[in-house]
Structure formats: C-alpha cells, structure tokens
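Okay, here's what each chain looks like letter by letter:
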Amino acid sequence: MLGGVTTPQDLDDRFRETLAALPAAERRRDPADPVTDDAPLTGAQLLDLFDAQVTSRQLDLAGRWLRSFGEGFYTIGSAGHEGNAAVAAALRPTDPALLHYRSGAFYCVRAAQTVADAAPVADPPPPAELAEPAEPAEPEPDGSVPPAGAFAAYADAARDVLRGMVASSQEPIAGGRHKVFGRADLAVVPTTSTIASHLPRAVGMGLAVERLRRLDSAGRRTGAGVRVGSGGGAEHAPWPPDAIVVCSFGDASVNHASATAAFNTAGWYDHAGLRIPVLFVCEDNGLGISVRSPEGWVEATLRAKPGIRYLAADGADPVQAYAVAAEAAAWVRRHRRPAVLHLRTVRLMGHAGADAESAYRSPSELAADLDRDPLAATARLLVDAGMATGEELLARYDETGWQVRRLAEEVLGEPKLASAADVVSALAPRRPVRVARAVADAAARASGPGAGARAEAFGGKPPELVGPLTLAQSINAALADGLLDHPQMAVFGEDVAAKGGVYGVTKGLRDRFGPARVFDTLLDETSVLGLGLGAGLAGMLPVPEIQYLAYLHNAEDQLRGEAATMQFFSQGAFRNPMVVRVAGLAYQEGFGGHFHNDNSVAVLRDVPGLVVAVPARPDDAAPMLRTCLASAAVDGSVCVFLEPIALYHNRDLYAEGDGEWLAGYPEPGAWVAGHVPIGRARVYRVGSADDLTIITFGNGVRMSLRAAAVLAEEGVGTRVVDLRWLAPLPVADIIREASATGRVLVVDETRRSGGVGEGVIAALVDAGYVGAARRVAGVDSFVPLGPAARQVLVSEEAITDGARTLLAR
C-alpha cells in the first residue's frame, strides 16, 4: 500500500500473491460436484461466479486506468462488493432490480443469465436450475480447466460498463449521460447516485407487481388479460406475475430519510395485510465515504424494521451468500412480503478514484479489508475443493484482464454526446399529435362502447347533464372519466379515499371504482411519490395526490432525482408516467398559514422535462387533466397538476350570485374540439383588448379579469392571458399577445424572486420584445396567518394600480 492507500497495483499484486500461495488440493474433482458436501453450488457454478467477480474487478482496474489519462469519468467501483454476484445468481433474471452503484458483479451475472423456459422455477432454485452464463469448458487431459471462452459470457456486460465510464453515446442505457447499471432486457432499472432515493420506488414497484399479479390471476380465471393502460401504454405487465423486486444500497443509506420512508412504508403495508414482494439488499462495508457506521448499528437498525424479515450473510463467503440469498428470495417470492438481506462486505480502493483513505483509515484497517477480499475468498474455495488450481485461476484472471483492456481501448474511440440536442433528446419526449389522438380515442370510447359503463359509473347522470360545475367538481368528473378510460389508472394519497379528499375533490371515487384503484396512503409524501414511481414503472398510470403544495417540498427529490431522470438515464427504455395532483397556492379565506397557503413553485419549474399545469377555471380543468393523463400514457410524461385551492368551490366572478366562475362539463363528443395541448395559453378579451396585456395564471386569472372589468369602465381594453402551463411556458402565446398591445403587466401570485414572472419576462426579452413591461408579484415572504396574508399577496388593487402606472408611461 502506498502511504496507507490501496492502489489498483496493490490490489492486483495482492491477489496474484494469494493465488500463488494456494496449495493444490489432494485430488481433482468433477466441476459438476458440489463445492462441499452440503454446498448449494457446484464447482462449475462457483467458477462462473468467480468469472463474474473477476470481470467486475478488472472493470474497476480499467476504470482507474482510463482515469489516469483523462478518458475515464467514473471511478466508483465494486471492488470488495463482488459477493453480490451470489445474490444475482440466487434471483431470476426476470426479477426487476434497482442496483447500488457497487453492483458490478451482480450486473455481470444478470447479463450472462439466460432463461430457457418462461415457466416458473421452483423455490429455492436447486443448483441444476441455476441459469449458467456459459457451458463449462471441457477439461484438458490433465484435468485442468482452460481459461478460453470464460470471458465470453460477460463481454456484453463489460462493454456496457466501459462505455458508461468513458461517456460513450453508444452506451446502451443512458447513452453517455451517466454511468449507471441498467438494461431493459435484463430487468435492471437504472438508478441515480442520490443516496437511497430509489428505495421508495422499489416499494412502489413491489406494490404494483403484486397488484398486477392478482389482476392477472383474476383475468386468467375470467379469460380476460391484463391491459396496462391505453393510448400507447404497454399491453401486459412488464414482469412475470411471481416476480420479486430487488433493491440494493449501501450501509450508510440506512440513515437517509428516503430509506426510512421506504422501510416504514413496506412495514406499514405488511402490517395492514397488503403484500410487498421486495428484497432489500444492504451491502455493508462499514463506511459512508469516510464516516464509519458504528459497530452493530446497521444490523440493529435493519433488525428493528417491523414487518421486514432480516437475514444476514458474509459477502466474502460465496456459498453462504448464495444460500442465504436464495432463502431470502424464495421467502419473499412465496409469501409476497418484504425482507432485507444484510450482506457484509469490504470496500477496496476507497470510495472513488480521488479518495485518499489514509486521511481517515489506518494501514491496519486497510490490510484487514484486503484479507477479506471476496475474489480471493472465492479462489481459495475453488482451489480447496479441487475444482481448479491457483495457476488456472490466475490464467482466467489475466485472460479477462486482457479482454477488458482490449474492450476499453475499443470504446475510447466511440463518439460522445456532441450537442445540447443530443443530450436532451431522451429527456421528455413530446408527441402532441399522438396525445391529441389519444384524447380523441378516449372520447370515442366514452361515447361508443364505453357509454354504458360511463352512465353506470355516474349513476345514470353524467356530469355534462348535471349543470354548471365548480373547479373541484370538474376535476372530480375528469378523474372519474380517466379511471373509466385507463384500466390501470389509480388515484391515491392522504385522505383521498374514505374522506374523498380534504376539499372533496375525490369524493365518491372509491365507491365507484373500488379500493384497489382509489386508496388512502400513510402520511408521508416521499412514500406517496415513491408508490407512484414504482407503479408507473410497472405499467400502471398513477395519479398520486399531495395534500398541500408545502408538503411536497420534503419529498421533491422523488420528482427531481427519480421521476424526471428515468427517461433521461434510460433513453426511454424505462419510464414512469405519473400525474401528481397538488392542492396549492394561496388566498384561502379564513384558513391560513404558510403550509396551507404556499405559493412557491420555483422548484417545480426548475426540474427539466416536468410538466406543470395550473387550471384556473372548471372548463379548463377537465381538458387539461385529460391532456396530462394522455401525455403520461403516450409519452411517459411526469406531470404536476397544481390545483388552486381558493378556486375549488368558487362560483362567482364579478358579483355574488352571478355564477360566472362555473362552467358546464363537456360531453365526450366535445372533448376533441376542447382539447388543450401542453404549452398553450388561453386568452380573454375585455373591451377592445387593444391597450394592455395581462399575463397571469391560477388565482391571478380571476383577479385580473375583475381588474380588467374595472379598467374597461375607464376605457381601457385588456387581454388577459391565462398561461395554464407553467412548464413548459406557452412562449409563442406570450409573445403574440404581448406584441398585440405593446404593454405587458405580469401578474404573478408566486414570489417576486424565483417566481413565474421572472420566466415570463425572460421569455419576452429573449424574443426581442421592445414594448413596456411591469410585474406585480407576491412579496418574498412566507404567507402569514389571517388578514396579514393580504400584505404579502397580490391584490386586485395592486393589479389595477400596476396597469394604470404602465398605461401612464
């Protein structure tokens, strides 16, 4: 070790020394024999695991080599964690996996597995039924096993990883955008580096997998299949009915709020009698970069999780690791309940390439980790069992190293992402024509073959016959129509089912569509979004509700780090369609405080690819929600449907009793004509509409229309532009309507700093707008309780005063 740091050369030298020192066994044994009398692995299978571990190790060494001359951009390795190869071998290749970033050996095994028959395999899988990456090589006359061909089964996996390291645009999952473990054909879902952020998604996937399994079982009994969505969605569940979800993470992650949320949710559902078939795998090397996990803390924490079975294994003992992993997988598969496998590992070569371990670890600690090298442990077991000699294993090691280096040199010449357009091409595809067609198809179904079911769902009185509706009632009706049209749509969140929502927006939906499709969740926004993320990935169309906008902020990484990045990091191979309903914004009379009157949306507008919709009127709410649902089903979009609480039950516009804020619900035949594409504004013309353009959204629409009426009495003609979409902004509509008058007043109920108005003004400047412009915006403050709220929020008087000032220029 150089200065107390384990270098790639140290690791390579130490492994070679270990192999050279291994005494040959007294007799040669048949590779088809068990490694030991009671071992669940044969010699051939253990040799396959060794080859996967070696490939992973050589990839780590190659990563450091590439970095040494500036061509490698990712050096977080798997050295010391190669015991996870045994975990992969104990699972089925059709079990969806969300992997820790030290999962090189797992990925190699998964990439090499083949499924000869789609029929279920008995649990736990006996050795003969393990998918082997390659046929065992024929022994030489002297009984030795040649290295030739040992790498072939892992070549594709190695190439994938190396392409990720050099940011090659030909990398098969992220296309050079990040180095991740992922491939759709391997059921490996790419995850980001955000610590533990993928655990809530794993729980959501488990819940969805089990739900789809039961629907599939019911469908087989009745002769009906499982249709996963409509308007472009998948037609069948993406994984076998008895699949389990595997989710790996490091020991330091158990302390993260996202992990706590996921464990708690899995246990909560298990306690409630719902099934979550998830196998958590905690790979415990005792360190979070430089911070040690206190001795015994991880075990104590994991053992204490209610409703989650605990199992433990030594990652340096491949036979034990495989046996315990097989037991855990079989238990989760059989009982459809969560378990956690605590896999003890070591970390070799530091956290990443730039990590100087000597600053926080002693030479004796580093030496102790080298003594527990899982690669050396597997080699020792093979030699002791008479399955190979140290010399033969070294030959395999060197052959793999040469092949990995050869591939590394090949991928160096591959192209990188060369333009901004290349980078964002996979971010959030928009196909408005297909979305419009999906809306038209929904309308045709609702007025044609689905008319009877629709009439029954609405109790014989569809909403278009009820009369003018409020904003809340229109959203409720549109959700019902969505549930009718999308068989895999589910509405869930805090208080949405039995209570029908705090404001009654989901009232009656559970009674009409059942508790499997409209259900209450525990009170944790991270888990609510995680359930949506997993459900969307499993083929459902989730519509989670966040009860108040302020409640979103402690969970927003589930949108930013997970939801919005899925298509970006998988080039569309995976997607998590979702429409997140959020009650928000301010102006609640008699009910206040910043948690129930939050006007902060900057964090949502800052998430690339996220769609943010804000319906102000009932006749916009239904078509906009239909568009969001169709976009999610067709393009996998992640949409936030931000509903202004203060407008939910508003009926009047100008005078009490005028009913002008109500609107009729369109019959299905009118849905096509009333379709609202993403990123298109609505314009109201008051008077001549030639003097002033007011650009606004949400509560600002009603206030601006009232202000425009006052200005009309003064001879001022105004056009009021309701943005409707905060992301993407309707830039073309903004420019057109601003240019029509040459005077723009931006009415922004969010805060002056970081608010929506900044984006509108920037769009005008970027387009070369030369007219006059002014902003009226909320004060940079939290919204206080009671009448004091009026001091920091936009008012009608502020709008009219701002307009007069602008007109006086």
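Quantities reported herein were computed from a predicted structural model and do not represent experimental measurements.

1. Section: helix H1 (residues 8-21)
Right, so step 1: In a regular helix each residue adds 1.5 Å, so 14 residues correspond to 20 Å; H1 covers 20 Å between its end C-alpha atoms and thus fits that length.
Right, so step 2: Those residues of H1 that fall on the buried side of the exposure criterion are Asp10, Leu11, Asp12, Phe15, Thr18 and Leu19.
Right, so step 3: Contacts from the buried residues of H1 go to helix H2 (43-68), helix H10 (363-371), helix H11 (374-384) and helix H12 (390-412).

2. Comments concerning the side chain of Asp748
Right, so step 1: Inspection of the secondary structure assignment puts Asp748 in strand E19 (residues 743-751).
Right, so step 2: Within the buried set, Asp748 has no salt-bridge partner at all; the shortest N-O distance to an opposite charge, 5.2 Å, is to Arg775.
Right, so step 3: At 2.5 Å, the side chain of Asp748 and the side chain of Thr750 are in polar contact.
Right, so step 4: Side-chain polar atoms of Asp748 contact the backbone nitrogen of Gly757, separated by 2.7 Å.

3. Regarding the packing of helix H23 (residues 699-713) against helix H26 (residues 796-807)
Right, so step 1: The contact between H23 and H26 brings their axes to 9 Å, and the two run at 50°. One element, H23, and the other, H26, form an angle in the oblique class. Note on packing geometry: the crossing formed by H23 with H26 is right-handed. For the pair H23 and H26, contact is made by Met703, Ser704, Arg706, Ala707, Val710 and Leu711 and by Glu796, Ile799, Thr800, Ala803 and Arg804, respectively.
Right, so step 2: Taken together, the residues that form the contact of H23 with H26 break down as six nonpolar, two polar and three charged.

4. Description of the pattern of salt bridges
Right, so step 1: On inspection of all chains with the given rule, the structure shows 48 salt bridges.
Right, so step 2: Across the pair Arg804 and Glu714 runs a salt bridge whose closest N-O atoms are separated by 2.6 Å. With Arg804 in helix H26 and Glu714 in the loop between H23 and strand E17 (718-722), this pair connects stretches of sequence that are 90 residues apart.
Right, so step 3: Judged by its relative accessible area of 43%, Glu714 falls in the partly exposed class.

5. Things to note about the sheet that holds strand E20 (residues 772-778)
Right, so step 1: Spatially, the five strands line up as an open sheet ordered E15-E17-E16-E19-E20, and their pairing is mixed. Strands at the two margins of the open sheet, each flanked by one partner only, are strand E15 (682-686) and E20. Across the sheet, the mean angle from the axis of one strand to that of its neighbour is 20°, orientation sign disregarded.
Right, so step 2: Here strand E16 (residues 692-696) pairs with E19 via three bridges, running parallel. Across the sheet, residue Ile694 finds its bridge partner in E19, namely Leu745.
Right, so step 3: Sitting on the sheet, H26 touches E16, E19 and E20, and the angle it makes with E19 is about 150°.

6. Points about the packing of aromatic side chains
Right, so step 1: Scanning the model with the defined rule gives 11 aromatic pairs in all.
Right, so step 2: Relative to Tyr269, the ring of Trp268 has its centre 5.0 Å away and its plane inclined at 90°; by these criteria the two rings are edge-to-face.
Right, so step 3: Look at Tyr269 and you get buried, because its relative accessible area is 1%.
Right, so step 4: Between Tyr503 and Tyr548, the aromatic rings sit 6.0 Å apart at their centres with planes inclined by 85°, giving edge-to-face as the arrangement. In this pair, Tyr503 is assigned in the loop between strand E9 (489-493) and helix H17 (509-513) and Tyr548 in the loop between strand E11 (541-546) and helix H19 (549-552), connecting sequence segments 45 residues apart. You'll find Tyr503 and Tyr548 in the same group, each marked buried.
Right, so step 5: Each member of the aromatic cluster is reached from another via a ring pair, and the members are Tyr503, Tyr548, Tyr551 and Tyr648.

7. Considerations on the sheet that holds strand E2 (residues 188-189)
Adjacent strands of a sheet pair through backbone hydrogen bonds, lying either parallel or antiparallel.
Right, so step 1: Taking strand neighbours across the sheet as the criterion, the six strands line up as E2-E1-E3-E4-E8-E7 in an open arrangement whose pairing is parallel. Among the strands making up the open sheet, the edge pair consists of E2 and strand E7 (309-314).
Right, so step 2: Direction of pairing for strand E3 (residues 245-250) relative to strand E4 (residues 278-284): parallel, over a ladder of six bridges. When the bridges of E4 are listed, Val245 appears paired with Val278.
Right, so step 3: Here helix H9 (residues 318-335) sits on the sheet and contacts E4, E7 and strand E8 (339-344); the angle it forms with E7, its principal contact strand, is near 160°.

8. Quick look at H11
Right, so step 1: The buried count for H11 comes to eight of 11 residues, which makes it a mostly enclosed element.
Right, so step 2: Along H11, the positions that sit buried rather than exposed are Pro374, Leu375, Ala376, Ala377, Thr378, Ala379, Leu382 and Val383.
Right, so step 3: Where H11 is buried, its residues contact H1, H2, H9 and H12.
Right, so step 4: For H11, the side-chain oxygen to backbone nitrogen distance between the N-cap and Leu375 is 3.0 Å, and the N-cap itself is Asp373.

9. With respect to the packing of helix H5 (residues 155-165) against H12
Right, so step 1: Remark: H5 packs on H12, axes separated minimally by 10 Å, with the N-to-C direction vectors making an angle of 45°. Taken together, the axes of H5 and H12 lie oblique to each other. Of the two elements, H5 crosses H12, and the hand of that crossing is right-handed. In this structure, H5 contributes Ala155, Ala158, Arg159, Leu162 and Arg163 to the contact, and H12 contributes Val404, Leu407, Ala408, Glu410 and Val411.
Right, so step 2: By residue class, the composition of the contact of H5 with H12 is seven nonpolar, no polar and three charged.

10. Description of unusual backbone geometry
Right, so step 1: With an omega of -5°, the peptide bond running from Ala727 to Pro728 counts as cis.
Right, so step 2: Within the element layout of this structure, Pro728 appears in the loop between strand E18 (725-727) and helix H24 (731-741).
Right, so step 3: For Tyr587, which is not glycine, the phi dihedral falls at a positive 75°.
Right, so step 4: On the accessibility criterion, Tyr587 (18% relative accessible area) is buried.
Right, so step 5: One non-glycine residue, Ala689, lies in the positive phi region at around 60°.
Right, so step 6: Here Ala689 is to be found in the loop between E15 and E16.
Right, so step 7: Judged by its relative accessible area of 2%, Ala689 is buried.

11. Examining the pairing of E19
In summary, the side chains of a regular strand alternate between the two faces of the sheet.
Right, so step 1: Across the nine residues of E19, eight count as buried, placing the element largely inside the fold.
Right, so step 2: Relative to E20, E19 is paired through seven bridges, and the arrangement is parallel. By the bridge assignment for E20, Arg743 is matched with Ala772.
Right, so step 3: Taken together, E19, helix H25 (residues 756-766) and E20 form a β-α-β motif whose crossover is right-handed.

Conventions adopted
Residues numbered from 1 in each chain as written. Predicted model: local features only at pLDDT ≥ 70, side-chain atom pairs only at ≥ 80, totals over all residues. Heavy atoms only, no water. Helix = DSSP H or I, 4+ residues; strand = E, 2+ residues; numbered from the N terminus. Expected span 1.5 Å × (residues − 1). Buried < 20%, exposed > 50% of the residue type's maximum accessible area, 1.4 Å probe, protein only. Contact = heavy atoms within 4.5 Å. Lys, Arg positive; Asp, Glu negative; His and termini not counted. Salt bridge = Lys/Arg side-chain N within 4 Å of Asp/Glu carboxyl O. Polar contact = N/O pair within 3.5 Å; in protein donor to acceptor, adjacent residues only side chain to side chain. Axes fitted to C-alpha atoms, helices over the stretch in contact; angles between N-to-C directions. Parallel < 35°, antiparallel > 145°, perpendicular 65-115°, else oblique. Left-handed = near helix turned anticlockwise from the far one by under 90°. Nonpolar A, V, L, I, M, F, W, Y, C, P; charged D, E, K, R; others polar. Pairing = 2+ DSSP bridges. Phe/Tyr/Trp six-rings, centres within 6.5 Å; stacked < 30°, edge-to-face > 60°. Right-handed = clockwise from strand over helix to strand, strands pointing away.

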